Amino acid sequence: MSTILFDKIVFGPIRSRRLGVSLGMNLLPTDGKLCSFNCIYCECGLNEERRTHSKLPTRQEVKEALIQKLTAMQAEGVAPDVITFAGNGEPTMHPEFGGIIDDTLATRDRFFPKAKIAVLSNSTMLHKEDVFQALNKIEDNIMKLDSVSDDRIRQLNVPNAPSFTFDKLLKQLCRFDGNVIIQTMFLKGELNGESVDNTTEPEIAGWLEALKKIKPKKVMIYTVDRETPVKALRKVTKEELEIIACRARKEGFEVSVSA
Ligand code: SF4
């Protein structure tokens, strides 16, 4: 399995399909993966194959690593468009996530005040008030919503918590009052003899209804880009993504497509 793990706290900058020149922040261990989902398409690999044996970086270590990297970038004359929390799992699982966001805002303002701060999250920690508040302080809080069907969420995202449901997720996403970006991975394929497809008409119709309730400031749709740990998964074509995007745009949403 040739999935990717990041071996540092700060990585890049890389040119991201969705975000531009992005400096990556990994708040998770560097020898494995830590996530409250176990998505069948995860670029970091499946949780059971990526168990970690090291600790999470401390708030101070994250701050120092970022200052060091931004000092070097300033000396080289390279500016990031965005500082992106992603990495080897779910960044909002870090117990000091709120404080780390505060430090990052201050460091960003000191070095590159025009750079945005983004968090790519699976939306599972929004019930934690400090996580919710921290996500409201940054420019791009990008929350995962892959399906409105509990069965599909269990198949695609495989939440660790049996109590995780679409209804609870929707309630949390609506709390942002529109100050949120929704990210949706569309894909097709097969798993254990069952079809995997979150582009069916009932799924798309339900997804559009959910968007109308959440009122996100932007929607990012994309498909499989690299090798997936579950092999029988495949990309949705750019044309299919554009048709989905077109339907969302007709409802008034700003939609970006990465294929
Ligand atoms: S939420 Fe992200 S990191 Fe977690 S399993 Fe899914 S794709 Fe991987």
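Let us look at the structure shown here. (Residues numbered from 1 in each chain as written. Predicted model: local features only at pLDDT ≥ 70, side-chain atom pairs only at ≥ 80, totals over all residues. Heavy atoms only, no water.)

## Brief notes about the site of the ligand
Logical step 1: The local shell around the ligand consists of K33, C35, F37, N38, C39, Y41, C42, G89, N122 and K144.
Logical step 2: Class assignment of the residues belonging to the shell around the ligand gives a composition of five nonpolar, three polar and two charged. (Near = heavy atom within 4 Å. Nonpolar A, V, L, I, M, F, W, Y, C, P; charged D, E, K, R; others polar.)

## Notes on the side chain of T223
Logical step 1: Along the chain, T223 turns up in strand 9 (residues 218–223).
Logical step 2: For T223, a relative accessible area of 0% corresponds to the buried category.
Logical step 3: Of the polar contacts made by the side chain of T223, one reaches the backbone nitrogen of V236; its length is 2.9 Å.
Logical step 4: Setting aside anything within four residues of it in sequence, one finds T223 in contact with R17, M185, F186, L187, K235, V236, L241, S258 and A259. (Helix = DSSP H or I, 4+ residues; strand = E, 2+ residues; numbered from the N terminus. Buried < 20%, exposed > 50% of the residue type's maximum accessible area, 1.4 Å probe, protein only. Polar contact = N/O pair within 3.5 Å; in protein donor to acceptor, adjacent residues only side chain to side chain. Contact = heavy atoms within 4.5 Å.)

## Regarding the sheet that holds strand 7 (residues 188–191)
Logical step 1: If you walk across this open sheet you meet the three strands as 8-7-10, and the pairing is antiparallel. Two strands lie at the open edges of the sheet, namely strand 8 (194–197) and strand 10 (233–234), each paired on one side alone. (Pairing = 2+ DSSP bridges.)

## Notes on the packing of aromatic side chains
Logical step 1: On inspection of all chains with the given rule, the structure shows four aromatic pairs.
Logical step 2: Relative to F164, the ring of F37 has its centre 5.3 Å away and its plane inclined at 85 degrees; by these criteria the two rings are edge-to-face. Note that F37 is positioned in the loop between strand 2 (20–25) and helix 1 (59–76) and F164 in the loop between helix 4 (150–156) and helix 5 (166–174), a separation of 127 residues in sequence.
Logical step 3: Measuring from centroid to centroid gives 6.4 Å for F85 and F97, while their planes differ by 80 degrees, and the two rings are edge-to-face. Linking F85 in strand 3 (residues 82–85) with F97 in helix 2 (residues 97–111), this pair joins segments that are twelve residues apart in sequence.
Logical step 4: Positioned over the ring face of F132 is R175, at 3.9 Å from the centre of the ring. (Phe/Tyr/Trp six-rings, centres within 6.5 Å; stacked < 30°, edge-to-face > 60°. Lys NZ or Arg CZ within 6 Å of the ring centre and 35° of its normal.)

## A look at the pattern of salt bridges
Logical step 1: The final tally for this structure, using the stated rule, is 14 salt bridges.
Logical step 2: Residue R108 is joined to D109 by a salt bridge in which the shortest nitrogen-to-oxygen separation is 2.7 Å.
Logical step 3: Taking the shortest distance from any N to any O, the salt bridge between E201 and R247 comes out at 2.9 Å. Pair noted here: E201 is in helix 6 (residues 201–214) and R247 is in helix 7 (residues 238–250), with a separation of 46 residues, a long-range link.
Logical step 4: Classification of E201 as partly exposed rests on a relative accessible area of 46%.
Logical step 5: Bridged by salt links that share partners, the residues R108, D109 and E139 form one connected network. (Salt bridge = Lys/Arg side-chain N within 4 Å of Asp/Glu carboxyl O.)

## What about the packing of helix 1 against helix 2?
Logical step 1: Axis separation between helix 1 and helix 2 bottoms out at 10 Å; the angle between their running directions is 20 degrees. Relative to helix 2, the element helix 1 lies roughly parallel. Our pair here, helix 1 against helix 2, has a crossing hand that is right-handed. Seen from helix 1, the contacting residues are R59, V62, K63, L66, I67, L70, T71 and Q74; seen from helix 2, they are G99, I100, D103, T104, T107, R110 and F111.
Logical step 2: The class makeup of the residues in the contact of helix 1 with helix 2 is six nonpolar, five polar and four charged. (Axes fitted to C-alpha atoms, helices over the stretch in contact; angles between N-to-C directions. Parallel < 35°, antiparallel > 145°, perpendicular 65-115°, else oblique. Left-handed = near helix turned anticlockwise from the far one by under 90°.)

## Details of the nonpolar core
Logical step 1: Residues L135, L145, L173, W207 and I221 are the most contacted members of the largest nonpolar core, which totals 73 residues.
Logical step 2: No other element matches the six residues that helix 6 contributes to this core.
Logical step 3: Residues contacting L135, with those up to four places away along its chain left out, are T92, F97, V119, L126, N141, M143 and F176.
Logical step 4: Grouped together as the second largest cluster of nonpolar side chains are eight residues, L19, A118, I142 and M220 included. (Core = buried A, V, L, I, M, F, W, Y, C linked by side-chain atoms within 4.5 Å.)

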